[in-house]
Amino acid sequence: MIILALDVYERDRALKIAEDVKDYISMVKVNWPLIIGSGLDIIRELKERTGLKIIADLKLADIPNTNRLIAKKVYEVGADYIIVHSFVGKDSVLAVKEIGEIIMVVEMSHPGALEFINPLTDKFIEMANEIKPFGVIAPGTRPERIKYIRERLNGEIKILTPGIGAQGGKALEAIKAGADYIIVGRAIYSSENPREAARRIYEEVKGWSSG
Ligand code: 3DU
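Residues numbered from 1 in each chain as written. Predicted model: local features only at pLDDT ≥ 70, side-chain atom pairs only at ≥ 80, totals over all residues. Heavy atoms only, no water.

Some thoughts on the packing of aromatic side chains
Remark: the centre distance and the inter-plane angle together describe each pair of aromatic rings, the angle taken between the planes. Applying the stated criterion to the full structure yields three aromatic pairs. Taking the centre distance of 5.5 Å and the plane angle of 55 degrees together, the rings of Tyr24 and Tyr202 count as tilted. Of this pair, Tyr24 sits in the loop between α1 (11–21) and β2 (27–31) while Tyr202 is found in helix α10 (residues 194–205), placing the two residues 178 residues apart along the sequence. Here the aromatic rings of Phe134 and Tyr181 are separated by 6.3 Å at their centres, their planes lie at 45 degrees, and the arrangement is tilted. Pair noted here: Phe134 is in the loop between α6 (121–131) and β6 (135–137) and Tyr181 is in strand β8 (residues 181–184), with a separation of 47 residues, a long-range link. Put simply, the rings of Tyr81, Phe134 and Tyr181 pair up and form one aromatic cluster. Between Arg152 and the ring centre of Tyr148, over which it is positioned, the NZ or CZ distance is 3.5 Å. (Phe/Tyr/Trp six-rings, centres within 6.5 Å; stacked < 30°, edge-to-face > 60°. Helix = DSSP H or I, 4+ residues; strand = E, 2+ residues; numbered from the N terminus. Lys NZ or Arg CZ within 6 Å of the ring centre and 35° of its normal.)

Quick look at the structure:
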């Protein structure tokens with residue numbers, strides 16, 4: 001039920017943190033900082049060293065052909081899921097889903113998301129219900145929005161919520177509102193003892209979610 005957002009640059013540090021906390025997490029999310037810092041092959045290494053599923057948080061937002069060209073290479077190195085933006089439209093999203101499992105952004109957690117992305121949530125939920133991705137990204141900072149999305153989203157589609165910890169979101173509140181997975185970055189990897197930080201969050205939410 002906990003996904004580690006491993007937003008560090010260094011390969012050795014990333015592998016060490018992932019191994020330290022792997023007993024308490026369900027998946028590892030890799031974003032651009034780690035890919036830029038360590039190279040794409042870090043996805044394969046993390047998967048081999050932890051045995052966990054890997055989410056590539058690329059937030060793809062391009063034309064179908066470019067989305068497809070990028071996604072192909074990322075699935076090839078072992079990514080289990082790729083996060084895609086919904087606002088580029090169904091053709092761009094489907095171009096990725098034709099190759100592998102996807103997670104669609106339907107709402108974001110930062111203040112700026114209120115300007116352009118979040119007003120379109122209903123349309124993104126509609127698209128998700130039609131396309132049936134593995135999951136959607138919803139804001140861990142806004143439990144009432146998680147509840148709103150859960151009520152409208154097909155029950156088989158998972159809700160993953162970043163924004164827990166460093167951005168102010170509370171793990172248990174997000175889970176109670178309907179999140180299947182909470183995504184936690186700095187609150188774990190910037191902690192003096194990442195394993196202990198992960199264990200504490202795990203103990204807090206265990207029993208509440210099936211993820
Ligand atoms: O704030 P944290 O350090 O726990 O990291 C959160 C991660 O989730 C980070 O990789 C960020 O890019 C991603 N994310 C959000 O924080 C908020 C969103 O709406 C979508 C993704």
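What to know about the site of the ligand
What surrounds the ligand is a group of 14 residues, the closest being Asp7, Lys29, Gln167, Gly185 and Arg186. The backbone of Gly185 places a nitrogen or oxygen atom 2.8 Å from an oxygen atom of the ligand. Considered on its own, the ligand offers 460 Å² of accessible surface; in the complex 90% of this is hidden by protein. Cavity membership is defined here by more than half of the atoms lying within 2 Å of grid points; on that basis the ligand lies in the largest pocket. When residues of the shell around the ligand are traced back to their parent elements, those giving at least two are β2 and β3 (53–60). For the shell around the ligand, the residue count by class is five nonpolar, four polar and five charged. (Near = heavy atom within 4 Å. Polar contact = N/O pair within 3.5 Å; in protein donor to acceptor, adjacent residues only side chain to side chain. Areas by Shrake-Rupley, 256 points an atom, 1.4 Å probe, with all protein chains shown as cover. 1 Å grid on protein atoms, 1.4 Å probe; cavity = no way out; pocket = protein on both sides within 12 Å on 5 of 7 lines; lining within 4 Å. Sits in = over half its atoms within 2 Å of the grid points. Nonpolar A, V, L, I, M, F, W, Y, C, P; charged D, E, K, R; others polar.)

Topic: the layout of surface pockets
Counted as a void, the largest pocket has a volume near 390 Å³. Lining the largest pocket are 22 residues, with Asp7, Lys29, Pro162, Gly163 and Gln167 positioned closest to its centre. Put simply, the parts of the chain that give the lining of the largest pocket at least two residues each are β2, β3, β8 and α9 (186–189). Of the residues contributing to the lining of the largest pocket, the split by class is eleven nonpolar, six polar and five charged. (Points joined across faces, edges and corners; volume = space filled by probe spheres on them.)

Some remarks on unusual backbone geometry
We note that Lys59 has phi near 45 degrees; this positive angle belongs to a residue other than glycine. Tracing the backbone shows Lys59 in strand β3. Judged by relative accessible area, which is 26%, Lys59 ranks as partly exposed. (Buried < 20%, exposed > 50% of the residue type's maximum accessible area, 1.4 Å probe, protein only.)

What about the UniProt feature "active site" (unreviewed entry) in the chain?
In the numbering used here, UniProt assigns the "active site" (unreviewed entry) feature to Asp57, Lys59 and Asp62. As for the annotated residues, the ones lining the largest pocket are Asp57 and Lys59. Within the secondary structure, Asp57 is located in strand β3. The class for Asp57 is buried, based on a relative accessible area of 4%. (UniProt positions renumbered as here; feature names shortened; annotations may be inferred.)

Notes on the pairing of β8
The side-chain alternation of β8 yields two buried faces, one formed by Tyr181 and Ile183 and the other by Ile182 and Val184. Summarising the sheet, strand β7 (residues 158–161) and β8 pair through two bridges and their orientation is parallel. The residue of β8 that forms the bridge with Leu160 is Tyr181. Each parallel crossover has a hand, and for β7 linked through helix α8 (residues 171–177) to β8 it is right-handed. (Pairing = 2+ DSSP bridges. Right-handed = clockwise from strand over helix to strand, strands pointing away.)

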